[in-house]
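This is what each chain is made of:
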Amino acid sequence: MYNDKVMDHFLNPRNAGEIKDADGIGEVGNAKCGDIMRMYVKVENDVIIDVKFRTFGCGSAIAASSISTEMLIGKTIDEALEITNKDVVDELGGLPVVKVHCSVLAEQAFKVAIYDYAKKNNKTYAGLEGFNPDDLDDAHDH
Ligand code: FES
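Because the structure is a prediction, the values reported are computed rather than measured.

A.B. asks: An account of the overall build of the protein chain is needed here, citing residue identities and associated values.
C.D. replies: What the protein chain contains, in helices and strands, is five helices and three strands. The order of α-helices and β-strands along the protein chain, N terminus first, is α-β-β-β-α-α-α-α. Relative to the globule expectation of 14 Å for 142 residues, the C-alpha radius of gyration of the protein chain, 14 Å, shows essentially globular dimensions. In terms of its C-alpha atoms, the protein chain occupies a principal-axis envelope of roughly 45 × 30 × 25 Å. By the burial criterion, 46% of the 142 residues in the protein chain qualify as buried. Relative to all contacts within the protein chain whose residues are 6 or more apart in sequence, the contacts with residues 24 or more apart total 62%. Accessible surface computed for the protein chain: about 7,200 Å², of which carbon and sulfur atoms make up 49%.

A.B. asks: Summarise the sheet that holds strand β1 (residues 24-29); cite the residues concerned and give the values.
C.D. replies: Taken together, three strands build an open sheet; the order of strands is β1-β2-β3 and the sheet is antiparallel. Looking at which strands have only one partner, the edges of the open sheet turn out to be β1 and β3 (47-56). Between one strand axis and the next, the sheet turns through 15° on average, direction left out of account. Inspection of the sheet shows strand β2 (residues 36-44) paired to β3 by nine bridges, in the antiparallel sense. If you follow Val43 over to β3, its bridge partner there is Ile48.

A.B. asks: I'd like a rundown of the environment of Met1, residues and numbers included.
C.D. replies: Following the sequence through the fold, Met1 ends up in the segment before α1 (4-11). Among the residues examined, Met1 registers a relative accessible area of 75% and is labelled exposed. Each C-alpha atom, one on Met1 and one on Leu95, is 8.3 Å from the other, the two residues being 94 residues apart in sequence. When near neighbours in sequence (up to four residues on either side) are disregarded, Met1 contacts Pro96 and Val98.

A.B. asks: An account of the nonpolar core is needed here, citing residue identities and associated values.
C.D. replies: Counting 38 residues, the largest nonpolar core has Met37, Met39, Leu92 and Ile114 as the members making the most contacts within it. Looking at this core, the elements that each hand over two or more residues are β2, β3, α2 (59-72), α3 (77-81), α4 (85-91) and α5 (100-120). Among the elements that make up this core, the one with the highest residue count is α5 (10 residues). In contact with Met37, other than residues within four places in its own chain, are Gly26, Glu27, Val28, Arg54, Thr55, Ala61, Ser65, Cys102, Leu105, Ala106 and Ala109.

Reading guide: rules and limits
Residues numbered from 1 in each chain as written. Predicted model: local features only at pLDDT ≥ 70, side-chain atom pairs only at ≥ 80, totals over all residues. Heavy atoms only, no water. Helix = DSSP H or I, 4+ residues; strand = E, 2+ residues; numbered from the N terminus. Rg over C-alpha atoms; globule rule 2.2 N^0.38 Å. Buried < 20%, exposed > 50% of the residue type's maximum accessible area, 1.4 Å probe, protein only. Contact = heavy atoms within 4.5 Å. Areas by Shrake-Rupley, 256 points an atom, 1.4 Å probe, with all protein chains shown as cover. Pairing = 2+ DSSP bridges. Axes fitted to C-alpha atoms, helices over the stretch in contact; angles between N-to-C directions. Core = buried A, V, L, I, M, F, W, Y, C linked by side-chain atoms within 4.5 Å.

Given below as structure tokens:
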């Protein structure tokens, strides 16, 4: 059901933990499965220099969080905001259809973390236009 890459990121998650002096934090949850994901970002000159995560959730959510941190580190904020849950799934080499919502949680978590950073620093990014964490539905397949 799960490919080797998904299993590897589940069993050996990269960048798990917290960033004490994070520049932005995003916490999201899925009411249906009860899983919760929190992402911390550290930003310097509009580049994401560090990301860590805490995920209380299923294996796919942990794998999606883990791989997202690798995809985000070193990207500019604008580049990071272009990453979608589909990219996360592709990078993992695929997830079972019933587990796609777990990747949505990852996309939401890092977007909320970047939003938090932007808000605290009075910054605006095209990729955040119209984005409001309060409007987030519970993660669903899309
Ligand atoms: Fe809830 Fe995977 S089952 S995020």
